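Structural description and commentary
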Amino acid sequence: MKVDPVRALETPEGITLELRVAGLGVRAAAWGIDMMIRLGVFWAVSMVFGILQLTGVGLVLVSAFLLTWGYPIAFEVLRDGATPGKRMMHLRVVHEDGTPVGWMASFVRNLMRTVDMLPIGYAVGIVALLFDGESRRLGDIVARTLVVYDERGDHGLFVAGAAPEPPRVALELAEQRAVVAFAERHDRLTPERRAELADLLAPATGARGDEGVWRLLCWANWLVGRQ
Amino acid sequence: MRQERFVAKHGDEWTRFDAFLGAWRRDHRAALVSLHPDAFMRRYRTLCQQLALARQRGYSSRVVDRLQDLVQGGHQVLYRGAPFTWREIGAFLAHGFPRLVRAERRAVACAAALFFVPLLAMAWLTHARPELIHSVFDAAQVASYEQMYDPARAKAGLGREQGGDAMMFGFYILNNISIGFRCFASGLLFGVAPVFLLVLNGVMIGALAGYLVANGSAVPFLSFTAGHGAPELLAIVICGAAGLRLGFALIAPGPRRRRDALVEAGRVGGALVAGGFAMLLLAAFIEAFWSASLFVPPVVKYAVGGAMWLLTLGWLALAGRR
């Protein structure tokens, strides 16, 4: 379980999809990567076509068009909703109902960038994103798309040194996920914060402070190791 | 059933499905060769059942999360939109798009009025008083236009300062199509921007036309614009109509929520702009490779131009009628 907004969608098979919506920072990073890739390609194309003089200029202009408008649309539709930048940040564009993004939605959301970019540096888009509960810029709102995390395969780390120990109390699914998430994040927290969080579970672990933290890590290892 | 037995029993299936998902990410077609769609369907449904069972029986989060991942991956594969075929695109251009334009005739009529009325008014004005051109363009631009449309001086071809056909094609693609896209998207700004863009473009084109005709460059200018005028101007109008639709959805959403009206307008507008894009592509071709030619006699160009107007208007007005 992660603390970010999760959208639960029921599929026709009766399963609930859990889509974690991506926030501003990651999306901005993905955009930055994409911009650098595009500039790089454009530079390379200009070098190559520069040889062809005037015809080359025409080709460069067409390339500029394709890189501006065609790049995001093509990647989003043909490559599972992710441009290279998004892929590197593990993001994906999907329809609001969780289905992979289609041509029309991608077309509209990318055309709306014109407005999202105003007046400078995606200001309108950023404001819209921050206000929206699901981090959508104007293009996402009009096209009914979401940018979500594409999580596959991170099923919890094994914390070195903490011997697996079964939890003393029966934990429900969400609680198990919370303990595993704590173990995943514990090294990013200050020792005081770790202890503070572990103390919340003191009645269950039967220990406080650093020992409580250690107990939780042992539990997490057991939960993770248990197939 | 205990969790360990459950995992032991089904673990292999999960690994195989995971491998399939990995292959799918790399190459859709190859993955489907390795696993037939029917077999995929069966496995996906089985996985969904297993996920539901795992949740209900309270298995550990590790198992549940793993199944959740597999199911989400399978969902991604199963619910892909149908890929666009060329046939669908052809059908859209032949019937779908003209029908849509007719369905949105109010927006299109507004956009046409906002574009052509200023255009004709300005053309008449600058024709009567050529000095008015300087209110619209500065002296350098006016001089440049005069040179572009003077057959004695326009060496590269009419309507361009310099550059070959291919270069101008690239320019028209980048410039004109981007303008069309912006006309649409800027509708989000409460519909104000498309109004502004339509009127502004109408004024500029009209002023130029009236001035050049009064200045004696009537034949070069009209023979240049004849060929591509129809698709280009009408595409701008249609893109503007899409933008107006968007703005109108914001201002007067009618009985729907503003958000829903926006989404609907976005969809309709997107389809309109897709057709407009095709028209602008055609116009770019004609403008770059035909219109500027100094070798084709004006009469031929007028004839082609007239035919283009008839064809374009006829297509929009009549194609796809039941």
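Cut-offs and rules
- Residues numbered from 1 in each chain as written.
- Chains lettered and ligands numbered in written order.
- Predicted model: local features only at pLDDT ≥ 70, side-chain atom pairs only at ≥ 80, totals over all residues.
- Heavy atoms only, no water.
- Core = buried A, V, L, I, M, F, W, Y, C linked by side-chain atoms within 4.5 Å.
- Buried < 20%, exposed > 50% of the residue type's maximum accessible area, 1.4 Å probe, protein only.
- Helix = DSSP H or I, 4+ residues; strand = E, 2+ residues; numbered from the N terminus.
- Contact = heavy atoms within 4.5 Å.
- Axes fitted to C-alpha atoms, helices over the stretch in contact; angles between N-to-C directions.
- Parallel < 35°, antiparallel > 145°, perpendicular 65-115°, else oblique.
- Nonpolar A, V, L, I, M, F, W, Y, C, P; charged D, E, K, R; others polar.
- Patch = residues over 30% accessible without salt bridge, like charges linked within 9 Å, V, L, I, M, F, W, Y side chains within 5 Å.
- Areas by Shrake-Rupley, 256 points an atom, 1.4 Å probe, with all protein chains shown as cover.
- Salt bridge = Lys/Arg side-chain N within 4 Å of Asp/Glu carboxyl O.
- Polar contact = N/O pair within 3.5 Å; in protein donor to acceptor, adjacent residues only side chain to side chain.
- 1 Å grid on protein atoms, 1.4 Å probe; cavity = no way out; pocket = protein on both sides within 12 Å on 5 of 7 lines; lining within 4 Å.
- Points joined across faces, edges and corners; volume = space filled by probe spheres on them.
- Phe/Tyr/Trp six-rings, centres within 6.5 Å; stacked < 30°, edge-to-face > 60°.
- Lys NZ or Arg CZ within 6 Å of the ring centre and 35° of its normal.

Details of the nonpolar core
- Judged by nonpolar contacts, the single largest core of 79 residues is most densely connected at Met112(A), Phe181(B), Leu188(B), Leu246(B), Leu272(B) and Val273(B).
- Counting residues per element, this core draws most heavily on helix H11 (residues 218-251) of chain B, at 15 residues.
- Apart from residues no more than four positions distant in its own chain, Leu188(B) is found in contact with Met112(A), Val115(A), Leu138(A), Val142(A), Leu246(B), Leu250(B) and Leu262(B).
- In this structure, Leu35(B), Tyr44(B), Leu51(B) and Leu67(B) belong to the second largest nonpolar core, which totals 25 residues.

Focus on the packing of H11(B) against helix H12 (residues 258-291) of chain B
Residue and element names in this part refer to chain B.
- The N-to-C vectors of H11 and H12 enclose an angle of 170°; their axes lie 8 Å apart at closest approach. One finds that H11 runs roughly antiparallel with respect to H12.
- A per-class count over the contact of H11 with H12 returns 23 nonpolar, seven polar and five charged.

Here we look at a nonpolar patch on the surface
- A grouping of Leu78(A), Trp103(A), Phe84(B), Trp86(B) and Ile89(B) is seen on the molecular surface, where their side chains present a nonpolar patch of about 570 Å² in accessible area.
- In this fold, Phe84(B) is placed in the loop between helix H4 (61-78) and helix H5 (86-103).
- According to the relative accessible area criterion, Phe84(B) is partly exposed, its value standing at 48%.

Some points on the interface of chain A and chain B
- Of the residues lining the interface, 53 residues belong to chain A; the matching set on chain B comes to 62 residues.
- Linking chain A with chain B are five salt bridges, by the criterion used here.
- Where chain A touches chain B, the interface holds ten residue pairs in polar contact (both at pLDDT 80 or more).
- With ten residues, the top contributor of residues to the side of chain A that touches chain B is helix H2 (residues 53-78) of chain A.

Notes on empty space enclosed by the protein
Residue and element names in this part refer to chain B.
- Evaluated as defined, the whole model comprises two cavities of 30 Å³ or more.
- Approximately 40 Å³ is the volume found for the largest cavity.
- If you tally residues by element for the lining of the largest cavity, the top one is H4, at three residues.
- In the lining of the largest cavity, the residues fall into two nonpolar, four polar and one charged.
- By volume, the second largest cavity amounts to about 30 Å³.
- Of the residues assigned to the lining of the second largest cavity, the class counts are three nonpolar, one polar and two charged.

Here we look at the pattern of salt bridges
- Across all of its chains, the model carries 22 salt bridges over all chains by this definition.
- For Asp150(A), the salt bridge goes to Arg92(A), with nearest N and O atoms at 3.2 Å. A residue pair is termed long-range when its members are at least 10 positions apart, and Asp150(A) in the loop between strand S4 (145-149) and helix H8 (173-185) and Arg92(A) in strand S3 (residues 91-95) qualify at 58 residues. With respect to burial, Asp150(A) and Arg92(A) carry one shared label: buried.
- Put simply, Glu104(B) and Arg245(B) hold a salt bridge, and the shortest N to O gap is 2.5 Å. With Glu104(B) in the loop between H5 and helix H6 (105-128) and Arg245(B) in helix H11, this residue pair connects regions lying 141 residues apart in the sequence.

Some thoughts on the packing of aromatic side chains
- A full pass over the atoms with the stated rule returns 24 aromatic pairs over all chains.
- Considering the side-chain rings of Phe40(B) and Tyr44(B), the 6.1 Å spacing of their centres and the 10° angle between planes classify their relative orientation as stacked. With Phe40(B) and Tyr44(B) both in helix H3 (residues 37-56) and four residues apart, this pair spans about one turn of that helix.
- Feature note: the residues Phe65(A), Trp69(A), Phe107(A), Phe181(B) and Phe277(B) constitute an aromatic cluster, connected by ring pairs.
- Taking NZ or CZ as reference, Arg20(A) lies 4.0 Å from the ring centre of Tyr149(A), over its face.

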